[in-house]
Amino acid sequence: MTVLDARAEHPVRLTLNGRERCAGASPRRLLSDFLRHDLGATGTHVGCEHGVCGACTVQIDGVAQRACLTLAVQVDGCEVRTVEGLAGQEEVLQDLQAAFKRHHALQCGFCTAGILMSCTDWLARIAGRGVPDEEQVREMLSGHLCRCTGYTPIVAAVMDVARARAAEGASHA
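Residues numbered from 1 in each chain as written. Predicted model: local features only at pLDDT ≥ 70, side-chain atom pairs only at ≥ 80, totals over all residues. Heavy atoms only, no water.

1. Some details on the overall build of the chain
Okay, so step 1: Scanning the chain from terminus to terminus reveals five helices and five strands.
Okay, so step 2: Going from the N terminus to the C terminus, the chain shows its helices and strands as β-β-α-β-β-β-α-α-α-α.
Okay, so step 3: Relative to the globule expectation of 16 Å for 173 residues, the C-alpha radius of gyration of the chain, 17 Å, shows essentially globular dimensions.
Okay, so step 4: Dimensions of the chain, computed from C-alpha atoms along their principal axes, come out at roughly 55 × 35 × 30 Å.
Okay, so step 5: The proportion of buried residues among the 173 residues of the chain is 45%.
Okay, so step 6: For the chain, the share of sequence-separated contacts (at least 6 apart) that also reach a separation of at least 24 residues comes to 57%.
Okay, so step 7: Of the accessible surface of the chain, which amounts to about 9,500 Å², a share of 50% is contributed by carbon and sulfur atoms. (Helix = DSSP H or I, 4+ residues; strand = E, 2+ residues; numbered from the N terminus. Rg over C-alpha atoms; globule rule 2.2 N^0.38 Å. Buried < 20%, exposed > 50% of the residue type's maximum accessible area, 1.4 Å probe, protein only. Contact = heavy atoms within 4.5 Å. Areas by Shrake-Rupley, 256 points an atom, 1.4 Å probe, with all protein chains shown as cover.)

Laid out in structure tokens, this is it:
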């Protein structure tokens with residue numbers, strides 16, 4: 001186990017949304033603050049700072065995790081993906097983002113980045129297992145607080161994408 005000097009900054013090298021990045025961070029610097037303030041990934045929102053609201057959710061090595069519960073030094077050598085990394089190179093919305101737009105699944109938008117990151121991870125993990133039902137989608141969303149939408153349009157958007165991906169997978173089988 002590496003012991004870090006609490007008074008010093010330590011280099012954190014990571015791949016952020018496909019780009020190699022490096023910046024210094026103290027051992028106590030939260031990943032959410034590191035992403036926003038040191039690397040400029042301001043799409044990662046900070047809500048409760050206790051891991052309850054889900055606004056800060058990012059993907060670390062492909063797995064959705066709370067950036068407010070992760071130290072920046074813990075992602076040294078990892079691949080981190082934030083909401084800024086969802087759109088393609090041409091800034092075309094990916095299917096889930098487009099579905100959120102189509103279903104009006106965001107209002108103030110504060111929670112949206114974290115929800116998109118969790119949904120992206122979850123949809124990838126359930127691929128090939130059929131279309132989830134509304135209860136399954138709501139269970140997945142239970143780790144996120146949204147005070148504006150009432151979740152119904154978010155659930156509709158996720159189910160729309162799941163159905164489309166399942167149909168696309170069936171057509172390629």
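2. Brief notes about the sheet that holds strand E2 (residues 19-25)
Okay, so step 1: Read from one edge of the open sheet, five strands run E2-E1-E5-E3-E4, paired in mixed fashion. A strand with exactly one partner marks an edge of an open sheet, and here the two such strands are E2 and strand E4 (63-66). When the angles between neighbouring strand axes are averaged without regard to direction, this sheet yields 40°.
Okay, so step 2: Strand direction decides the pairing type here: strand E1 (residues 10-16) and E2, joined by seven bridges, are antiparallel. Following the sheet pairing, Leu16 is matched in E2 by Arg19.
Okay, so step 3: Against the sheet, helix H1 (residues 31-38) touches E1, E2, strand E3 (57-60) and strand E5 (79-81), its axis set at about 110° to E2. (Pairing = 2+ DSSP bridges. Axes fitted to C-alpha atoms, helices over the stretch in contact; angles between N-to-C directions.)

3. Some thoughts on the nonpolar core
Okay, so step 1: Counting 27 residues, the largest nonpolar core has Phe100, Ile154 and Val158 as the members making the most contacts within it.
Okay, so step 2: When contributions to this core are tallied by element, the ones reaching two or more residues are helix H2 (95-102), helix H3 (112-126), helix H4 (134-141) and helix H5 (152-171).
Okay, so step 3: The greatest single-element share of this core, amounting to eight residues, is contributed by H3.
Okay, so step 4: With near-sequence residues (within four places) excluded, Ile154 lies in contact with Phe100, Ala105, Ile115, Leu141, Cys146 and Thr149.
Okay, so step 5: With 20 residues, the next largest nonpolar core counts Phe34, Ala67, Ala72 and Val73 among its residues. (Core = buried A, V, L, I, M, F, W, Y, C linked by side-chain atoms within 4.5 Å.)

4. With respect to H1
Okay, so step 1: Buried within H1 we find Leu31, Ser32, Asp33, Phe34 and Leu35.
Okay, so step 2: Of the surrounding secondary structure, the elements contacted by the buried residues of H1 are E1, E2, E3 and E5.

5. A short note on the pattern of salt bridges
Okay, so step 1: The tally for this structure, following the rule as stated, stands at six salt bridges.
Okay, so step 2: The partner of Asp38 in a salt bridge is Arg29, and the shortest N-O contact between them spans 3.0 Å.
Okay, so step 3: With a relative accessible area of 32%, Asp38 lands in the partly exposed category.
Okay, so step 4: Overall, Arg29 belongs to the partly exposed group, its relative accessible area being 25%.
Okay, so step 5: When the shortest N-O distance is used, the salt bridge between Asp160 and Arg102 registers 2.7 Å. Of this pair, Asp160 sits in helix H5 while Arg102 sits in helix H2, placing them 58 residues apart in sequence.
Okay, so step 6: We classify Asp160 as partly exposed; its relative accessible area is 21%. (Salt bridge = Lys/Arg side-chain N within 4 Å of Asp/Glu carboxyl O.)

6. Overview of unusual backbone geometry
Okay, so step 1: With a phi close to 50°, Asp61 is a non-glycine residue in the positive phi region.
Okay, so step 2: For His104, which is not glycine, the phi torsion reads 55° and is therefore positive.
Okay, so step 3: Exposure remark for His104: the relative accessible area of 60% places this residue in the exposed category.

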